[in-house]
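# Fold and geometry: a report
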Amino acid sequence: KNEVEQSPQNLTAQEGEFITINCSYSVGISALHWLQQHPGGGIVSLFMLSSGKKKHGRLIATINIQEKHSSLHITASHPRDSAVYICAVSSHNNTDKLIFGTGTRLQVFP
Amino acid sequence: ETGVTQSPTHLIKTRGQQVTLRCSSQSGHNTVSWYQQALGQGPQFIFQYYREEENGRGNFPPRFSGLQFPNYSSELNVNALELDDSALYLCASKSSPTNYGYTFGSGTRLTVV
């Protein structure tokens, strides 16, 4: 079993829909990261959080430390949101090493 | 200079050859990590350098080696290339010991034939 699990693996949506991607982890963490990867491969860091909730534009990330679970929400989705969204955690044992989930591939159609 | 720059962007090598991938860290970042991402998979940690010293390593054989230079730029070297080494290699930098996040490069796509 992977230390970081994401669901769903693939997600399609119509433009304007509200989207939720989930991440569960089994290790003690110092922080959880949500990343966005476009087809060219480059990764953009969206959020780093260790508690509560963060919001940036149409993106919202929440984390529940007790349940070892995080969600990434996209409101009013747009075709340009199409990408792979990756959850990664910094473990307690090595705060600089990231453990990645396998990603959620999102496609938003107009 | 801002951002993390990786070179080359694409590379084709023959099995058994050696390859060097380069990463220029974001200004002010003293920690660099390298990751291997196979097609359809999440990135896997190769190793990390902090102030020119390796301070963490994933489950990769010794033919994967690295360097970090005084200006905090970094190299990943892979000897005796195997077909399974074909992947996207990502470099990420951060400033330690602060608790800020990582800045990622766009990656080098290596194909071994």
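The structure under discussion appears in the preceding block.
A brief report on the enclosed structure follows. In this text, all values refer to a predicted model and were calculated from it rather than measured experimentally.

Moving on: the overall build of chain B. When helices and strands are counted, chain B shows 0 helices and 11 strands. Counted from the first residue to the last, chain B has its helices and strands arranged as β-β-β-β-β-β-β-β-β-β-β. For chain B, the spread of C-alpha atoms along the principal axes amounts to about 40 × 25 × 25 Å. Expressed as a percentage of the 113 residues in chain B, the buried residues total 48%. In chain B, once contacts between residues fewer than 6 apart in sequence are set aside, the share between residues at least 24 apart is 52%. Of the roughly 5500 Å² of accessible surface on chain B, 49% is carried by carbon and sulfur atoms. Counting 8 positive and 8 negative side-chain charges, chain B places the centres of these two groups 4 Å from one another.

Attention shifts here to the packing of aromatic side chains. By the definition in use, this model includes 7 aromatic pairs over all chains. Arranged with centres 5.0 Å apart and planes meeting at 80°, the rings of Phe100 of chain A and Tyr35 of chain B form a pair that is edge-to-face. Of this pair, Phe100 of chain A sits in strand E10 (residues 98-100) while Tyr35 of chain B sits in strand E4 (residues 31-37), which puts the two residues in different chains. Tyr35 of chain B shares its class with Phe100 of chain A; the two are buried. With a centroid separation of 5.1 Å and 65° between ring planes, the pair formed by Phe60 of chain B and Phe64 of chain B is classed as edge-to-face. The exposure classification of Phe60 of chain B matches that of Phe64 of chain B, with both residues buried. Among the aromatic side chains, those forming a connected cluster through ring pairs are Phe100 of chain A together with Tyr35, Phe45, Tyr102 and Phe104 of chain B.

Quick look at the pairing of strand E9 (residues 87-94) of chain B now. All names here are of chain B. With 8 of its 8 residues buried, E9 lies for the most part within the structure. A two-sided burial pattern is seen for E9, the buried positions comprising Ala87, Tyr89, Cys91 and Ser93 on one face and Leu88, Leu90, Ala92 and Lys94 on the other. Pairing between E4 and E9: 7 bridges, direction antiparallel. Considered in E9, the bridge of Gln36 is made with Tyr89. Where E9 and strand E11 (residues 108-112) come together, 3 bridges link them in antiparallel fashion.

The next subject is the layout of surface pockets. Size it by volume and the largest pocket reaches roughly 450 Å³. Contributing to the lining of the largest pocket are 25 residues, with Gln37, Val84 and Arg105 of chain A together with Gln37 and Gly40 of chain B lying nearest its centre. Tallied by class, residues from the lining of the largest pocket come to 8 nonpolar, 15 polar and 2 charged. Of the voids in this model, the second largest pocket is the one considered here, and its volume is about 340 Å³.

The rules behind these values
- Residues numbered from 1 in each chain as written.
- Chains lettered and ligands numbered in written order.
- Predicted model: local features only at pLDDT ≥ 70, side-chain atom pairs only at ≥ 80, totals over all residues.
- Heavy atoms only, no water.
- Helix = DSSP H or I, 4+ residues; strand = E, 2+ residues; numbered from the N terminus.
- Buried < 20%, exposed > 50% of the residue type's maximum accessible area, 1.4 Å probe, protein only.
- Contact = heavy atoms within 4.5 Å.
- Areas by Shrake-Rupley, 256 points an atom, 1.4 Å probe, with all protein chains shown as cover.
- Lys, Arg positive; Asp, Glu negative; His and termini not counted.
- Charge placed at Lys NZ, Arg CZ, Asp CG, Glu CD.
- Phe/Tyr/Trp six-rings, centres within 6.5 Å; stacked < 30°, edge-to-face > 60°.
- Pairing = 2+ DSSP bridges.
- 1 Å grid on protein atoms, 1.4 Å probe; cavity = no way out; pocket = protein on both sides within 12 Å on 5 of 7 lines; lining within 4 Å.
- Points joined across faces, edges and corners; volume = space filled by probe spheres on them.
- Nonpolar A, V, L, I, M, F, W, Y, C, P; charged D, E, K, R; others polar.

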